[in-house]
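Chain by chain, the residues:
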Amino acid sequence: MIKVHCIAVLSRQGNPLYVGNFDQQQEDVKYHYLAHTSCDVIDERVEQNRAGDLFLGLLQTVGDMVVYGYVMNTGKRIILASSVSTESAAVRNALVKEIFQAVHAAYIAHACNPFNEAGSEDRLADANFDSLVAAIARARSTPSAAEPLPRARP
């Protein structure tokens, strides 16, 4: 079980497309800051990543939070901020990777929806996308984390 505080989707240039704050005690600006400070680390990892793995692993530790990164094939980035957990690194990485894959699938479902408004790639202001990402974050923040993650419907 990991406590997901934030999931952010950034454009290739680092512009925030979506920032989901799932921690009611923190303001959004903190997670915008974490997402932007992760961009340089992501750029370095992408240059070093010859295997083509989309999961970039742990990017940085800030206080009691850890920040993980994931790059989509299009160059868009997903950032996840969570609390430091007591699980082993392998288990934690597997859980985070599963969350990233579910958010990636939700993004693909959103991008391929023919009913999205033109120019909606600048912001992911879709209620369905937001609720699906929130459900994904909640699914791994609860003790019953063995349940499958919610998936986007085709």
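Basis of the calculations
- Residues numbered from 1 in each chain as written.
- Predicted model: local features only at pLDDT ≥ 70, side-chain atom pairs only at ≥ 80, totals over all residues.
- Heavy atoms only, no water.
- Helix = DSSP H or I, 4+ residues; strand = E, 2+ residues; numbered from the N terminus.
- Contact = heavy atoms within 4.5 Å.
- Salt bridge = Lys/Arg side-chain N within 4 Å of Asp/Glu carboxyl O.
- Buried < 20%, exposed > 50% of the residue type's maximum accessible area, 1.4 Å probe, protein only.
- Phe/Tyr/Trp six-rings, centres within 6.5 Å; stacked < 30°, edge-to-face > 60°.
- Axes fitted to C-alpha atoms, helices over the stretch in contact; angles between N-to-C directions.
- Parallel < 35°, antiparallel > 145°, perpendicular 65-115°, else oblique.
- Left-handed = near helix turned anticlockwise from the far one by under 90°.
- Nonpolar A, V, L, I, M, F, W, Y, C, P; charged D, E, K, R; others polar.
- Pairing = 2+ DSSP bridges.

A. Up close: the overall build of the protein. Looking only at helices and strands, the protein features three helices and five strands. Counting from the amino terminus, helix and strand elements in the protein follow one another as β-β-α-β-β-β-α-α. Across the protein, the fraction of contacts at a sequence separation of at least 24, relative to all contacts at a separation of at least 6, is 53%.

B. Up close: the pattern of salt bridges. Tallied over the entire structure, the rule returns one salt bridge. One salt bridge in this structure joins Arg77 and Asp43, with 2.7 Å as the shortest N-O distance. Highlighted residues: Arg77 in strand 5 (residues 77–83) and Asp43 in helix 1 (residues 28–48), separated in sequence by 34 residues. Residue class for Arg77 comes out buried when judged on its relative accessible area of 8%. Relative accessible area serves as the criterion here: at 34%, Asp43 is assigned to the partly exposed category.

C. Structural view of the environment of Leu132. With respect to the helices and strands, the residue Leu132 is situated in helix 3 (residues 127–141). Given the relative accessible area of 14%, Leu132 is considered buried. Leu132 sits 25 residues away from Tyr107 along the chain, and the two C-alpha atoms are 9.8 Å apart.

D. Quick look at the packing of aromatic side chains. In this structure the tally under the stated criterion is four aromatic pairs. Plain terms: the ring middles of Tyr18 and Phe129 are 5.1 Å apart, the flat faces sit at 85° to each other, and that makes the pair edge-to-face. Taken as a pair, Tyr18 in strand 2 (residues 16–21) and Phe129 in helix 3 lie far apart in primary sequence, 111 residues in all. Grouping residues by exposure puts Tyr18 and Phe129 together as buried. Ring centres of Phe55 and Tyr68 lie 6.5 Å apart, and the angle between their planes is 15°; on these two criteria the pair is classed as stacked. One end of the pair, Phe55, is in strand 3 (residues 55–62); the other, Tyr68, is in strand 4 (residues 65–71), with 13 residues separating them in the sequence. Tyr68 carries the same exposure label as Phe55, and that label is buried. An aromatic cluster is built from Phe55, Tyr68, Tyr70 and Phe100, whose rings are joined through pairwise contacts.

E. Structural detail: the packing of helix 2 (residues 89–111) against helix 3. As a packed pair, helix 2 and helix 3 sit with axes 10 Å apart at the nearest point and diverge in direction by 170°. When the interaxial angle is binned, helix 2 and helix 3 end up roughly antiparallel. In this structure, the crossing between helix 2 and helix 3 has a hand that is right-handed. Between helix 2, through Leu95, Glu98, Ile99, Ala102, Val103, Ala106, Tyr107 and His110, and helix 3, the contact on the second element is made entirely by Phe129, Leu132, Val133, Ile136 and Arg140. In terms of residue class, the contact of helix 2 with helix 3 is made up of 10 nonpolar, one polar and two charged.

F. Region of interest: the pairing of strand 4. The element strand 4 is largely enclosed, with a buried count of seven among its seven residues. Alternating positions in strand 4 separate into two faces, Met65, Val67, Gly69 and Val71 on one and Val66, Tyr68 and Tyr70 on the other, with burial throughout. Relative to strand 4, strand 3 is paired through six bridges, and the arrangement is antiparallel. When the sheet's bridge partners are listed, Gly57 is paired in strand 4 with Gly69. Between the end of strand 3 and the start of strand 4, which pair antiparallel, lie two residues, with Gly63 showing a positive phi angle near 65°. Two elements, strand 4 and strand 5, share seven bridges in a ladder whose sense is antiparallel. Its bridge partner being in strand 5, Met65 is matched across the sheet by Ser83. In sequence, strand 4 turns back onto strand 5 through a hairpin of five residues, with Gly75 there showing a positive phi of about 95°.

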